[in-house]
Amino acid sequence: CKVHYFLPPNEDIRSAARDAGAFVEAYLEDDPQDFVLEQCGVDRMIPDLPEEEQQLWRGAVWPLASTLLCGDHLITRCRALGIQAVLYDPMAPHGLLVAH
């Protein structure tokens, strides 16, 4: 079984995954080093929203924005790898750990 992790551009996290025997995959094809998955869609938030509404915005917008941004690449990589199993983080709408 070969395990692939889709991970952020953080070398400490990626190194730990490689040390554990996993293959590291990027969230995006070009793997921009300044990419922060948790910020997807947040940059479009209305600046004057009260703090409690900002939390609602993040909870409603982030899952969709991150999936729209990363989804095509993740699906393309899974198809190319012949993936047979996908593990999802319950807080993220896309697969993070895959195996074939």
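Refer to the structure presented above.
None of these values were measured; they are calculated from a predicted model. (Residues numbered from 1 in each chain as written. Predicted model: local features only at pLDDT ≥ 70, side-chain atom pairs only at ≥ 80, totals over all residues. Heavy atoms only, no water.)

Thoughts on the side chain of His4
And step 1. Turning to its location among the elements, His4 is positioned in strand E1 (residues 3-7).
And step 2. At a separation of 3.1 Å, a polar atom in the side chain of His4 contacts the side chain of Glu25.
And step 3. Beyond its immediate sequence surroundings of up to four residues, His4 is in contact with Phe23, Glu25, Leu81, Leu96, Leu97, Val98 and His100. (Helix = DSSP H or I, 4+ residues; strand = E, 2+ residues; numbered from the N terminus. Polar contact = N/O pair within 3.5 Å; in protein donor to acceptor, adjacent residues only side chain to side chain. Contact = heavy atoms within 4.5 Å.)

Considering the pattern of salt bridges
And step 1. This model, assessed by the stated rule, comprises 3 salt bridges.
And step 2. Notably, a salt bridge pairs Asp31 with Arg14, separated by 2.8 Å at the nearest N-O pair. Of the two residues, Asp31 is situated in the loop between strand E2 (23-26) and helix H2 (51-81) and Arg14 in helix H1 (residues 11-19); the sequence distance between them amounts to 17 residues.
And step 3. On the basis of relative accessible area, Asp31 is assigned to the partly exposed category, the value being 22%. (Salt bridge = Lys/Arg side-chain N within 4 Å of Asp/Glu carboxyl O. Buried < 20%, exposed > 50% of the residue type's maximum accessible area, 1.4 Å probe, protein only.)

As for the nonpolar core
And step 1. Grouped together as the largest cluster of nonpolar side chains are 15 residues, with contacts concentrated most on Phe6, Tyr27, Phe35, Leu37, Cys40 and Cys70.
And step 2. When residues of this core are traced back to their parent elements, those giving at least two are H2 and strand E4 (95-99).
And step 3. Ranked by residue count, the leading element in this core is H2, at 6 residues. (Core = buried A, V, L, I, M, F, W, Y, C linked by side-chain atoms within 4.5 Å.)

So, the side chain of Arg14
And step 1. On the basis of relative accessible area, Arg14 is assigned to the buried category, the value being 8%.
And step 2. In this structure the side chain of Arg14 is engaged in a polar contact, spanning 3.1 Å, whose partner is the backbone oxygen of Leu7.

Everything listed is a geometric property; what it means functionally is a separate question.
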